[in-house]
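# Report on the structure
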Amino acid sequence: MSYRVPEHLQESLKKEVDLMLRLGIIEPSKSDLTDRLGNSKFLMTIVLSKGYWQIPLTRRSRELTTFKSPLGLFHFKVLPFGLHGAPASFQRLMDQTDASDRGLGAVLLQGVPDARRPIAFLSRKLFPREVRYSIVEKECLAVKWALDSLKYDLLGREFVLETGHKALQWLQQMKDTNSRITRCPQ
């Protein structure tokens with residue numbers, strides 16, 4: 001089953017597919033899941049969004065994300081937006097400001113501690129120069145980037161900043177002059 005794409009949008013689709021191929025987000029697939037739907041009553045559509053692209057999928061899971069377009073069969077290598085469990089998976093992985101070897105992530109939560117609800121999810125891929133940062137520098141970068149990104153949501157409000165990285169707790173007492181770290185809000 002292939003989605004019909006109006007001719008005037010095919011060039012845009014080709015550019016988006018080429019971009020996702022180049023970024024390693026999708027790869028060609030030989031498995032057409034739609035042939036195996038049988039008597040299923042529901043078919044989920046995958047919205048091609050960049051929100052969850054920081055979370056890699058296992059090889060076994062990739063087959064389950066197969067989609068067909070006029071350009072061929074593809075499946076995601078990373079978590080696509082639109083999967084049933086994607087928001088919960090993303091929230092579990094990004095529940096505090098965080099950094100990895102590949103990207104940064106943050107979530108803005110609202111509510112009392114036992115009943116917090118996500119308001120916004122943020123993620124971005126690390127720039128090539130940032131990949132070489134130490135883990136502490138990446139964690140500081142994640143905090144600074146998240147605060148900059150959410151400044152209009154946070155401005156004038158009292159908030160608690162949580163991070164899953166214990167090493168950042170020493171920032172209050174630090175005497176290091178590393179400029180990437182000292183730019184991190186304290």
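Each remark here, short or long, concerns the structure printed above.
Residues numbered from 1 in each chain as written. Predicted model: local features only at pLDDT ≥ 70, side-chain atom pairs only at ≥ 80, totals over all residues. Heavy atoms only, no water.

## Regarding the pairing of strand 5 (residues 103-110)
- Where burial is concerned, most of strand 5 is hidden: 6 out of the 8 residues are buried.
- Bridge analysis of strand 5 against strand 6 (residues 117-125) gives 8 bridges, and the strand direction is antiparallel. Residue Gly105 lies in a different strand from strand 6, and its bridge partner there is Ser123.
- Counting the residues in the hairpin turn of strand 5 and strand 6 gives 6 residues, including Gly111, whose phi is positive at 125°. (Buried < 20%, exposed > 50% of the residue type's maximum accessible area, 1.4 Å probe, protein only. Helix = DSSP H or I, 4+ residues; strand = E, 2+ residues; numbered from the N terminus. Pairing = 2+ DSSP bridges.)

## Some details on the packing of aromatic side chains
- Using the criterion set out here, one finds 2 aromatic pairs in the structure.
- Aromatic pair Phe67 and Phe76: ring centres 5.6 Å apart, planes at 40°, arrangement tilted. Of the two residues, Phe67 and Phe76, neither departs from the other in class, the shared state being buried.
- Following the ring pairs from residue to residue traces out a cluster consisting of Phe67, Phe74 and Phe76. (Phe/Tyr/Trp six-rings, centres within 6.5 Å; stacked < 30°, edge-to-face > 60°.)

## Considerations on helix 5 (residues 135-149)
- In a regular helix each residue adds 1.5 Å, so 15 residues correspond to 21 Å; helix 5 covers 21 Å between its end C-alpha atoms and thus fits that length.
- Within helix 5, 11 of the 15 residues are buried, which leaves it mostly tucked inside the rest of the structure.
- Where helix 5 is concerned, the buried positions are Val136, Glu137, Lys138, Glu139, Cys140, Leu141, Ala142, Val143, Trp145, Ala146 and Leu147. (Expected span 1.5 Å × (residues − 1).)

## Quick look at helix 1 (residues 7-22)
- The first and last C-alpha atoms of helix 1 sit 23 Å apart over 16 residues, in line with the 22 Å expected at 1.5 Å per residue.
- Those residues of helix 1 hidden inside the fold are in contact with strand 1 (26-28), strand 2 (67-69) and strand 3 (72-76).
- Looking one or two residues past helix 1, Gly24 carries a phi angle of roughly 75°, positive in sign. (Contact = heavy atoms within 4.5 Å.)

## Side note on the pattern of salt bridges
- Scanning all chains against the criterion turns up 5 salt bridges.
- Of the charged contacts in the structure, one is a salt bridge between Asp18 and Lys14, with a shortest N-O distance of 2.9 Å. Here the residue Asp18 and the residue Lys14 both occupy positions in helix 1, the gap between them amounting to 4 residues, near one helical turn.
- The class for Lys14 is partly exposed, based on a relative accessible area of 37%.
- The closest approach of N and O atoms between Asp148 and Lys144, which form a salt bridge, is 2.8 Å. Note that Asp148 and Lys144 are positioned in helix 5 at a spacing of 4 residues, about one turn of the helix. (Salt bridge = Lys/Arg side-chain N within 4 Å of Asp/Glu carboxyl O.)

## Focus: the sheet that holds strand 1
- What the 3 strands build is an open sheet, ordered 1-3-2; its pairing is antiparallel. Each having just a single partner strand, strand 1 and strand 2 make up the two edges of the open sheet. Neighbouring strand axes in the sheet, compared pairwise and without regard to direction, differ in orientation by 35° on average.
- Alignment of strand 1 against strand 3, held across 3 bridges, turns out to be antiparallel. Among the inter-strand pairings, Glu27 is bridged to a residue of strand 3, identified as His75.
- Sheet contacts for helix 1: strand 1, strand 2 and strand 3; angle to strand 1, the most-contacted strand, approximately 100°. (Axes fitted to C-alpha atoms, helices over the stretch in contact; angles between N-to-C directions.)

## So, the environment of Ala120
- Within the fold, Ala120 resides in strand 6.
- For the pair Ala120 and Leu150, spaced 30 residues apart in the sequence, the C-alpha separation amounts to 9.0 Å.
- Dropping the residues within four chain positions of it, Ala120 is found in contact with Ala106, Val107 and Leu108.

Bear in mind that shape data such as this cannot, by itself, settle questions of function.
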